[in-house]
Amino acid sequence: ADSTTGGALSWRGILASAPSPSWVAKHPTLGYDITWLAAKEETALEGHIVSLGQRNARERVTYLAVWLLDRAQSTCLADEQNIVSLPITQAQIADMLGLSLVHTNRTLRQLQREGLVEWKSREIHVPDLAKAAEFAQFDRSKDNCRPFI
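Residues numbered from 1 in each chain as written. Predicted model: local features only at pLDDT ≥ 70, side-chain atom pairs only at ≥ 80, totals over all residues. Heavy atoms only, no water.

Considerations on the sheet that holds strand E1 (residues 83-85)
- With respect to topology, 3 strands assemble into an open sheet ordered E1-E3-E2, the strand pairing being antiparallel. Two strands lie at the open edges of the sheet, namely E1 and strand E2 (118-119), each paired on one side alone.
- Pairing of E2 with strand E3 (residues 123-125) involves 2 bridges; the strand directions are antiparallel. Bridge pairing links Trp-119 to Ile-124 in E3. (Pairing = 2+ DSSP bridges. Helix = DSSP H or I, 4+ residues; strand = E, 2+ residues; numbered from the N terminus.)

See the structure below:
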């Protein structure tokens, strides 16, 4: 779907979640920030949907890990060693990425052997974030300056 057809990933969806025009007139800066955040979340959703359809299991898991770490770093929730604490199970990863639990387990072990992602029960570690982002085709060069509401 594109921005003109009103599909699931459209400006109509973004605008439906935005504040009302009268509220924005009273609070234009906050209205802009909220609308900007809604648009960024819509873009992230589109990236995840593309990930499911066009990436193999290793790329999907790496993409998810890099995306989570990138978001955590943008809000100071990850440390400088590229580690983020996040209680997530392999079953949840499998469900999010449309993979079987067995395939997810094998993929996580392979990614750890390759030094791309170390996913433990309570944390995610991406030793070389640039290498993992390149492998997963995750564009980290985007403008990450986000409003802090």
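Observations concerning unusual backbone geometry
- Even without glycine at this site, Cys-76 takes up a positive phi of about 60°.
- Within the secondary structure, Cys-76 sits in the loop between helix H4 (57-74) and E1.
- The residue Gln-137 is not glycine, and still its phi comes out positive at about 60°.
- In this structure, Gln-137 sits in the segment after helix H7 (129-136).

Comments concerning the nonpolar core
- Grouped together as the largest cluster of nonpolar side chains are 27 residues, with contacts concentrated most on Val-61, Ile-93, Val-117, Trp-119, Ile-124 and Val-126.
- Looking at this core, the elements with two or more residues in it are H4, helix H5 (90-97), helix H6 (101-113) and H7.
- Once residues lying within four places of it in the same chain are set aside, the contact partners of Ile-124 are Ala-65, Leu-68, Asn-82, Ile-83, Val-84, Leu-86, Val-117, Glu-118 and Trp-119. (Core = buried A, V, L, I, M, F, W, Y, C linked by side-chain atoms within 4.5 Å. Buried < 20%, exposed > 50% of the residue type's maximum accessible area, 1.4 Å probe, protein only. Contact = heavy atoms within 4.5 Å.)

Let's talk about the confidence of the model for the chain
- Scored by pLDDT, the chain has a mean of 78; 68% of the residues are at 70 or more.
- Across the chain, the secondary-structure element scoring lowest on mean pLDDT is helix H1 (residues 11-16), at 54, and the one scoring highest is H6, at 96.
- Confidence over residues 1-9 falls short of pLDDT 50; this stretch has 16 contacts with residues more than four positions distant or in other chains. (pLDDT = per-residue confidence, 0-100.)

Notes on the packing of aromatic side chains
- Scanning all chains against the criterion turns up 1 aromatic pair.
- Each ring, one from Tyr-63 and one from Phe-138, has its centre 5.2 Å from the other, and the planes form 70°; the classification is edge-to-face. On the criterion of sequence distance, the pair formed by Tyr-63 in helix H4 and Phe-138 in the segment after H7 is long-range, its members being 75 residues apart.
- Residue Phe-138 is classed as buried on the basis of its relative accessible area of 11%. (Phe/Tyr/Trp six-rings, centres within 6.5 Å; stacked < 30°, edge-to-face > 60°.)

Concerning the packing of H5 against H6
- Interhelical geometry of H5 versus H6 gives an angle of 105° and a closest axis separation of 9 Å. Put simply, H5 runs roughly perpendicular to H6. The residues of H6 that touch H5, namely those facing Gln-90, Ala-91, Ile-93 and Ala-94, are Leu-101, Thr-104, Asn-105 and Leu-108.
- Looking at the contact of H5 with H6 residue by residue, the class counts come to 5 nonpolar, 3 polar and no charged. (Axes fitted to C-alpha atoms, helices over the stretch in contact; angles between N-to-C directions. Parallel < 35°, antiparallel > 145°, perpendicular 65-115°, else oblique. Nonpolar A, V, L, I, M, F, W, Y, C, P; charged D, E, K, R; others polar.)

What about the side chain of Thr-104?
- Here Thr-104 lies in helix H6.
- In this structure, Thr-104 is in contact with Gln-90, Ile-93, Ala-94 and Leu-99, ignoring residues within four places of it in sequence.

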